[in-house]
Structures are given as C-alpha cells and as structure tokens.
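A closer look at the structure
This is what each chain is made of:
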Amino acid sequence: MPAIKDLTLLKTYTPGLHLIATLHSDQTALLDGYSGFKDLADELTRAFDLQKLGEVYHDFEPGGFTGIVCLSESHLSVHTWPEFGKVNVDIYLSNFQRVNNGAVREIFERITAYFSAEIVSEHQIIR
C-alpha cells in the first residue's frame, strides 16, 4: 500500500459509518427477486448523490437474491432468504469528501421500510 505523503490528510479524515444488520420480513414476494430492490437502490444512489461504480444482482432458485452496489464512497449490499424471512444488509459510506453518516442511517431506514421488516440485529462500526 502506498504511503500517504501529505500527513495533513490523516488529520482531516473523519471516519465513516458502516452499518451491518439482519432484518426479518414476511413480504416473501419482495425477498424472492431483485428487480424491485434494484429500483430502490437506483433511487437511493440518486437521492443521496452517490457515485455508482458498478453493480451485480443475482436471483437464486427457488428464491432469494443478492444485490451489491459498488460506490466510490464504498458499498451497499443486500442478501435475502425468503424461506426464512431473512434479509442481511451491509451499508458503508466513507466520509472522505463529505460526512455520510446520516445518509447511511436514512438508506437503512428506507431499505427496512421497503421490506416492511423488523430489525433482528444491527451493528454500527465507525471506521
């Protein structure tokens, strides 16, 4: 890894919020396939002015999906298991160019609302 030459950058960096959660939802139709969630992820990247670098979505048989959005700010991912009503969410936005902690929380709230889900567990890491 290259060394940071301008050490003032280390003094000005504000750690970002990494939120990892497990949700429970009875909305199995929303957990089955990624198409509706992809629309939400596209809406969220626009609403929070995030820079999408790439994305991968995959539907599993007989149901469930994985969706990962790579952002210049970091990432957003969702993995679902409709047979268990389970949704795993992972959102991390760095604060290098602007403070995104509020955006992480709002994105999480929107995803939770989309799935009409209850929070089973939630972990927040500042890094």
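Scroll up to find the structure this text is about.
From a predicted model like this one, the values you see are computed outputs, not experimental measurements. (Residues numbered from 1 in each chain as written. Predicted model: local features only at pLDDT ≥ 70, side-chain atom pairs only at ≥ 80, totals over all residues. Heavy atoms only, no water.)

This paragraph deals with the pattern of salt bridges. This model, assessed by the stated rule, comprises 6 salt bridges. Among the salt bridges present, the one from aspartate 42 reaches lysine 38, with a minimum N-O distance of 3.0 Å. With a gap of 4 residues between them, aspartate 42 and lysine 38 both fall in helix H3 (residues 35-47), about one helical turn apart. For lysine 38, a relative accessible area of 24% puts it in the partly exposed group. The closest approach of N and O atoms between glutamate 55 and lysine 38, which form a salt bridge, is 3.7 Å. Of this pair, glutamate 55 sits in strand S2 (residues 52-59) while lysine 38 is found in helix H3, placing the two residues 17 residues apart along the sequence. (Salt bridge = Lys/Arg side-chain N within 4 Å of Asp/Glu carboxyl O. Helix = DSSP H or I, 4+ residues; strand = E, 2+ residues; numbered from the N terminus. Buried < 20%, exposed > 50% of the residue type's maximum accessible area, 1.4 Å probe, protein only.)

Our next topic: the sheet that holds strand S3 (residues 65-71). For sheets, the rule is that strands pair by backbone hydrogen bonds, running either parallel or antiparallel. The strand order across the open sheet built from 6 strands is S2-S3-S4-S5-S1-S6, with neighbouring strands paired in antiparallel fashion. Strands at the two margins of the open sheet, each flanked by one partner only, are S2 and strand S6 (118-126). Sheet twist, expressed as the mean angle between neighbouring strand axes with direction ignored, is 5°. Strands in contact with H3 are S2, S3 and strand S4 (74-81); relative to S2, the strand with the most contacts, it is inclined by about 165°. (Pairing = 2+ DSSP bridges. Axes fitted to C-alpha atoms, helices over the stretch in contact; angles between N-to-C directions. Contact = heavy atoms within 4.5 Å.)

What follows covers the environment of leucine 31. Position of leucine 31 among the secondary structure elements: in helix H2 (residues 28-32). Linking leucine 31 and aspartate 59, residues 28 residues apart in sequence, is a C-alpha distance of 9.8 Å. The contact partners of leucine 31, leaving out residues within four places of it in the chain, are Ser25, Gly64, Phe65, Thr80, Trp81, Pro82, Gly85, Lys86, Val87 and Phe115.

Think of an α-helix as 3.6 residues a turn; residues three or four steps apart then line up on the same face. Helix length check: helix H4 (residues 101-114) (14 residues) gives 20 Å between terminal C-alpha atoms against 20 Å at 1.5 Å per residue, within 8%. Buried within H4 we find Asn101, Ala103, Val104, Ile107, Phe108, Ile111 and Thr112. Looking at the buried positions of H4, the neighbouring elements they touch are strand S1 (17-24), H3, S4, strand S5 (86-93) and S6. Where H4 ends, the next residue or the one after it, serine 116, has phi of about 50°, a positive value. (Expected span 1.5 Å × (residues − 1).)

Within the secondary structure layout, glutamine 97 lies in the loop between S5 and H4. A relative accessible area of 76% means that glutamine 97 is categorised as exposed. Distance in space between the C-alpha atoms of glutamine 97 and valine 78 is 25 Å, their sequence separation being 19 residues.

Counting residues in hydrophobic clusters, the biggest one holds 28 residues, and the most contacted among them are Phe37, Val89, Ile91, Ile107, Ile111 and Phe115. Elements supplying a minimum of two residues to this core: S1, H3, S3, S4, S5 and H4. When residues in this core are grouped by element, the largest group, 5 residues, is from H4. If we skip the residues at most four places from it in the chain, phenylalanine 37 touches Tyr57, Phe65, Val78, Ile111, Tyr114 and Phe115. (Core = buried A, V, L, I, M, F, W, Y, C linked by side-chain atoms within 4.5 Å.)

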